[in-house]
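# Secondary and tertiary structure notes
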There are 2 protein chains.
Amino acid sequence: MAVLTAQEDDFPRWYQDVLTKAKLAENGPSRGTIVIRPNGYALWERMHAEVDGRIKAAGAHNAYFPLLIPMSFFEREAQHVEGFSPELAVVTHGGGKELAEPLAIRPTSETVIGEYMGKWIDSYRDLPLLLNQWANVVRWEMRPRIFLRTTEFLWQEGHTAHATEREARQYARRILHEVYEDFMRNILAMPVIVGRKTTRERFAGAANTMTCEGIMRDAKALQMGTSHELGQRFSQAFDITYSTADGTHDHCWTTSWGASTRMLGGLIMCHGDDFGLVLPPALAPVQAVVVVVKESDGAVTRAASTLADELQACGIRTKLDDNGSQGFGWRATEWDLQGVPIRVELGPRDVADNVALLFRRDTREKSTVALSSVVDEARKLAFRIQDDMLAAATARRDAVIVDCATLDGTREIAQAGVARVPWESVGDAGEAELAAGGLTVRCLQRGDGSLPEPDDDTGVLAYVARAY
Amino acid sequence: MAVLTAQEDDFPRWYQDVLTKAKLAENGPSRGTIVIRPNGYALWERMHAEVDGRIKAAGAHNAYFPLLIPMSFFEREAQHVEGFSPELAVVTHGGGKELAEPLAIRPTSETVIGEYMGKWIDSYRDLPLLLNQWANVVRWEMRPRIFLRTTEFLWQEGHTAHATEREARQYARRILHEVYEDFMRNILAMPVIVGRKTTRERFAGAANTMTCEGIMRDAKALQMGTSHELGQRFSQAFDITYSTADGTHDHCWTTSWGASTRMLGGLIMCHGDDFGLVLPPALAPVQAVVVVVKESDGAVTRAASTLADELQACGIRTKLDDNGSQGFGWRATEWDLQGVPIRVELGPRDVADNVALLFRRDTREKSTVALSSVVDEARKLAFRIQDDMLAAATARRDAVIVDCATLDGTREIAQAGVARVPWESVGDAGEAELAAGGLTVRCLQRGDGSLPEPDDDTGVLAYVARAY
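Residues numbered from 1 in each chain as written. Chains lettered and ligands numbered in written order. Predicted model: local features only at pLDDT ≥ 70, side-chain atom pairs only at ≥ 80, totals over all residues. Heavy atoms only, no water.

### Considering the domain arrangement of chain A
All names here are of chain A. Under the domain assignment, chain A is made up of domain 1 (11-271), domain 2 (288-381) and domain 3 (403-465). Computed over C-alpha atoms, the centres of domain 1 and domain 3 are 25 Å apart. The partner domain 3 presents 23 residues to the 22 residues of domain 1 that form the contact. Where domain 1 abuts domain 3, roughly 1,800 Å² becomes buried across the two surfaces, and 55% of that area is made up of carbon and sulfur atoms. For the interface between domain 1 and domain 3, the tally reads 3 salt bridges. Among the elements of the structure, helix H6 (165-186), strand S9 (193-196), strand S10 (208-215) and strand S11 (221-229) are those that each provide at least two residues to the side of domain 1 that touches domain 3. The element that contributes the greatest number of residues to the side of domain 1 that touches domain 3 is S10, accounting for 5 residues. (Domains from an automatic or database assignment. Contact = heavy atoms within 4.5 Å. Buried area = accessible area lost by both parts, 1.4 Å probe. Salt bridge = Lys/Arg side-chain N within 4 Å of Asp/Glu carboxyl O. Helix = DSSP H or I, 4+ residues; strand = E, 2+ residues; numbered from the N terminus.)

Have a look at this one:
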């Protein structure tokens, strides 16, 4: 009877079932690649639009840089090449000939964008230079998993150059909070933990990495978006300099930041239940579906169609399901799977009584409302679902976070939850020990929940968990 | 004094000057790749939005397929592999190891999408299957030219499967007219010539290729978007079959269609003049700029800022230029270069007189209008410019099209214009001869301007020209 494996029985299999049954994505023809089907891509388009709007509001401009990067570019920054070399896909032949210099498919674009920043920046008047690109990247993945770890993935990568360390730091934080955290909390309804990565977990080549960590329903963490201060490492490697107002020359301070199709995995695993996807209304491509439960003489379809038009007209993304060739049960299961937040169900009896049934996907509660107030109620319900989903996800997250004070305690708690422990009880050595057991320090946070300064470890707390 | 090489003196150099001076794009680090700078990318984002809306209105859904395609996929369709083999970029190494099977970077995605269509289509109920993807593709390019021929370019590629040849044909034509032609005429203000390609000029693997051909200011043609009937070739190669209502099995009829960043080159070369870009208002990322010509006591900036807000509020994409650190002449040159359709200029005298100067970029005409009617006039002017630009481009196009009746006449006319000649006067042999001299049959059209049937050559006219 059940369409999906129950989460409790086998969470990874439930995840795979949702991907397949909801037709979100499947494996591509070569290892680690995926096909994002229309249902999955519609979610990504909504993410793209919301994140893109926030990036533009933060003053950055979209541009596009080449997919293929000369191998020599990577070698200019020591830590960067060390981090990415094992993951590169390399083009050795083009146009039927072997290439003089092999080209890497971009795993990220700091190097090629650094090269152009160096050309474009001349004086302090050119700063800050705030760029972003939406692109595909390739990182050879040994243990691929759809959306979470794939050889090719889609993302945005921002790259900025500033006159001072302070400005670069402020901007990297602004992106973290105003773009990523805001989008994840207010659109994805995910109460991400915002913190700083440990030195061990930094991006290859970064001076400081900040992160938004989501907690999934199986208590595992998922890194959802990161923002990096790159210091002057890339500006030295790529000669990104500027002349100051008083005529001296200095290297810029650069940042980079990214969020990817991995967020699709987070969305599924943070909110999904045994019936399928559960979408927050702010993200949902379809916010309400009006379903003709059963038709008799055409009156139900007419009423449903009018209702759907009214909902759409008042700004609710609406779909009409008047598919008479499939039974209602089959269709309800399908809309459950797709996670559509609000279902308006209409049958002959409802139309006769001038009512409709309002079903909310998150709590599965039903209520009967007058036909004339469906639009009003649906609009209010959309806001309520959005708030309730964030509250529910926050409650689930908080229920698995356990405070402790020792490395042993941390190890035990993090087997099935998230340990919050003073970083001084872990330290670099403890972190390495935890890592050997498959546990990672997801991020560091100050006691009041704020972001610690890059080099200030005093009194900070570590979140330790299993992670995707 | 002149910022750009004059078109009359050296058209290719003028084009290169516009790209550079307007900061639209430049060459990437490896041959044939390009960097699309924010000014260029903003144009592409507007194209993307307009084309995407039309594709969705035609019922297709966006999806995403892998960048890397096993080489063996190409070998399944004979004409396709023959056409694309010389242009492939090949990944031979991934994750530090040599791959068992090399992977091609997609030059187009018929093969990989065909593979999945085969999996997803079961019965006639699954048809039509209408997919589209926005993606980058790589075709090794021997004579690269920014936007026109680049090794990597951005595009959309639609792929559909249908139950009958008739339905596939109708859909391929619908895309040609309702998506491409409509977008190009009504948004880009380009009077494209819509026709069918000759057998020689068909897409590799297509049974029929239809095209929109733009005519540039130098009378050269540019293929701007194509729509292909693929017959049953790919459905046979990739086993895309369906069961009919009466239980038999049949191969689908497929189509594919694409338009790319090449349209940016068309936009520049169809409308641009010696002052730079000239953008049609419907496309322009910034439709109006309000320029503070000179400031005295802050009153001009206040008035300009109010005006900019009012223009924006009434739906005109507006920017305020209150940059006092640069002289007006320098800034006016810059807005000319960027092709912003409407310039509202305000100086202290204007504010005192309660007027503003309205400058239209296409004709360079100026008019003085009362401050209180600027918004109204600007709105009307935007429509007028859009109409006038299409009319002007149509007049330029028609001025270079010359009717003739012989192959010799065609050859002579097409040196500096577009020859329209009965196809029976050219034929396959004549076409090959013309090609040897760098002239191509851009498309075939019926005498009344309509699209000829795929196999009906009787009485059709050929457009012959030099082309990008």
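Continuing now.
### A few points about the packing of helix H2 (residues 38-57) of chain A against helix H8 (residues 262-271) of chain A
Residues and elements named next belong to chain A. Look at H2 against H8: their axes get within 10 Å of each other, and the N-to-C directions meet at 110 degrees. Regarding the angle of H2 to H8, the classification is roughly perpendicular. Residues Gly40, Leu43, Trp44, Met47 and Val51 of H2 lie in contact with H8, whose contacting residues are Met263, Leu264 and Leu267. The residue makeup of the contact of H2 with H8, split by class, is 7 nonpolar, 1 polar and no charged. (Axes fitted to C-alpha atoms, helices over the stretch in contact; angles between N-to-C directions. Parallel < 35°, antiparallel > 145°, perpendicular 65-115°, else oblique. Nonpolar A, V, L, I, M, F, W, Y, C, P; charged D, E, K, R; others polar.)

### Let's talk about the environment of A:Leu381
All names here are of chain A. The residue leucine 381 is located in helix H12 (residues 374-400) in this model. Along the backbone, leucine 381 and leucine 358 are 23 residues apart, and their C-alpha atoms lie at a distance of 9.3 Å. Not counting residues up to four positions away in its chain, the partners in contact with leucine 381 are Ile342, Leu358 and Arg360.

### Section: the interface of chain B and chain A
Chain B puts 50 residues into the contact, and the matching count from chain A is 49 residues. Of the roughly 4,000 Å² buried between chain B and chain A, counting both surfaces, carbon and sulfur atoms make up 64%. Of all residues in chain B, the largest losses of buried area upon contact with chain A belong to B:Pro29, B:Tyr64 and B:Trp120, amounting jointly to 16% of the total for that side. If one sorts the elements of the side of chain B that touches chain A by residue count, strand S5 (residues 89-94) of chain B sits on top with 6 residues. A class-by-class count of the residues in the side of chain B that touches chain A yields 30 nonpolar, 12 polar and 8 charged. Here strand S5 (residues 89-94) of chain A pairs with S5(B) via 5 bridges, running antiparallel. The residue bridging A:Val90 from the neighbouring strand is B:His93, located in S5(B). (Pairing = 2+ DSSP bridges.)

### Digging into the side chain of B:Ser227
Residues and elements named next belong to chain B. With respect to the helices and strands, the residue serine 227 is situated in strand S11 (residues 221-229). Of note is the side chain of serine 227, whose polar atom sits 2.7 Å from the backbone oxygen of alanine 172. Leave out the neighbours within four places in its chain, and serine 227 touches Ala172, Ile175, Leu176, Asn208, Thr209, Met210, Ser256 and Trp257. (Polar contact = N/O pair within 3.5 Å; in protein donor to acceptor, adjacent residues only side chain to side chain.)

### A word on the UniProt feature "domain: Aminoacyl-transfer RNA synthetases class-II family profile" (unreviewed entry) in chain A
UniProt tags residues 31-280 of chain A as "domain: Aminoacyl-transfer RNA synthetases class-II family profile" (unreviewed entry). With 32% helix and 32% strand, residues 31-280 of chain A has end C-alpha atoms that lie 32 Å from one another. (UniProt positions renumbered as here; feature names shortened; annotations may be inferred.)

### Some details on the packing of aromatic side chains
Here the structure, examined in full by the defined rule, presents 18 aromatic pairs over all chains. The interplanar angle of 35 degrees and the centroid separation of 5.1 Å between the aromatic rings of A:Phe11 and A:Trp14 together place this pair among those described as tilted. With A:Phe11 and A:Trp14 both in helix H1 (residues 11-21), this residue pair falls 3 residues apart, about one helical turn. Exposure class is identical for A:Phe11 and A:Trp14. Each is buried. An angle of 55 degrees between the planes, with centres 6.3 Å apart, marks the rings of A:Tyr171 and A:Trp257 as tilted. In this pair, A:Tyr171 is assigned in helix H6 and A:Trp257 in strand S14 (residues 253-260), connecting sequence segments 86 residues apart. Here A:Tyr171 and A:Trp257 have matching classes, each one buried. Ring pairing ties together the aromatic residues A:Phe65, A:Tyr116 and A:Trp120, which thus form one cluster. Sitting above the plane of the A:Tyr468 ring, A:Lys220 keeps its charged end 4.6 Å from the centroid. One cation-aromatic arrangement involves B:Arg343 over B:Phe359; the distance from NZ or CZ to the ring centre is 4.1 Å. (Phe/Tyr/Trp six-rings, centres within 6.5 Å; stacked < 30°, edge-to-face > 60°. Buried < 20%, exposed > 50% of the residue type's maximum accessible area, 1.4 Å probe, protein only. Lys NZ or Arg CZ within 6 Å of the ring centre and 35° of its normal.)

### Looking at the relation of the copies chain B and chain A
Mapping chain B onto chain A is achieved by rotating through 180 degrees and translating by 0.0 Å along the same axis, at an RMSD of 0.0 Å. Taken together, these values place the two copies in the relation of a two-fold axis. Judged by C-alpha distance, B:Val91 is the residue of chain B that lies nearest the rotation axis, at 2.1 Å. Both copies share a contact surface, since 98% of the interface residues of chain B are interface residues in chain A too. (Least-squares fit on C-alpha atoms with pLDDT ≥ 70 in both.)

### Remarks on the pattern of salt bridges
Within the structure shown, the criterion is met by 59 salt bridges over all chains. In this structure, A:Glu165 and A:Arg169 form a salt bridge, with 3.1 Å as the shortest nitrogen-oxygen distance. One end of the pair, A:Glu165, and the other, A:Arg169, are both in helix H6, 4 residues apart, so they sit about a helical turn from each other. Between B:Arg379 and B:Asp376 there is a salt bridge; the shortest N-O distance is 3.2 Å. In this pair, B:Arg379 and B:Asp376 both sit in helix H12 (residues 374-400), 3 residues apart, roughly one turn of the helix. By relative accessible area, B:Arg379 is classed as partly exposed at 34%.

### Brief notes about unusual backbone geometry
Cis rather than trans, the peptide bond between A:Leu127 and A:Pro128 has omega equal to -10 degrees. With respect to the element layout, A:Pro128 can be found in the loop between helix H5 (110-120) and strand S7 (129-138). The backbone of A:Lys23 shows a phi angle near 50 degrees, a positive value even though the residue is not glycine. When you line up the elements, A:Lys23 lands in the loop between H1 and strand S1 (25-27). At B:Ala219, a residue that is not glycine, the phi angle is positive and equals roughly 70 degrees. One can find B:Ala219 in the loop between strand S10 (208-215) and S11. Look at B:Ala219 and you get buried, because its relative accessible area is 3%.

### Things to note about the environment of A:Asp388
Within the element layout of this structure, A:Asp388 appears in helix H12. It is 17 Å that separates the C-alpha atoms of A:Asp388 and A:Met269, two residues lying 119 residues apart in sequence.

### As for the sheet that holds strand S15 (residues 288-292) of chain B
All names here are of chain B. The 5 strands are arranged S16-S15-S17-S18-S19 in an open sheet whose pairing can be described as mixed. The sheet is open, and its two borders are formed by strand S16 (318-321) and strand S19 (366-370), each paired with just one other strand. For this sheet, the mean angle separating the axes of adjacent strands, direction not counted, is 25 degrees. Two strands pair when backbone bridges link them, and S15 and strand S17 (residues 342-346) are joined in this way by 5 bridges, in the parallel orientation. Opposite valine 292, over in S17, you have leucine 346 as the bridge partner. With respect to the sheet, H12 is in contact with S17, strand S18 (355-360) and S19, its orientation differing from that of S18 by roughly 10 degrees.

### Brief notes about the pairing of strand S18 (residues 355-360) of chain A
Residue and element names in this part refer to chain A. With 5 of 6 residues buried, S18 lies mostly within the body of the structure. As paired strands, strand S17 (residues 342-346) and S18 are joined by 4 bridges and run antiparallel to one another. Residue valine 344 lies in a different strand from S18, and its bridge partner there is leucine 358. Sheet analysis places S18 next to strand S19 (residues 366-370), joined by 5 bridges and oriented antiparallel. When the bridges of S19 are listed, leucine 357 appears paired with threonine 368.

### Some details on the sheet that holds strand S15 (residues 288-292) of chain A
Residues and elements named next belong to chain A. Spatial ordering of the open sheet is given by S16-S15-S17-S18-S19, a layout of 5 strands whose pairing is mixed. Edge positions in the open sheet fall to strand S16 (318-321) and S19, since each of these has one partner strand only. Mean inter-strand twist for the sheet, computed between neighbouring axes without regard to direction, equals 25 degrees. Bridging between S15 and S16 involves 4 bridges; their strand directions are parallel. The residue of S16 that forms the bridge with valine 291 is aspartate 321.

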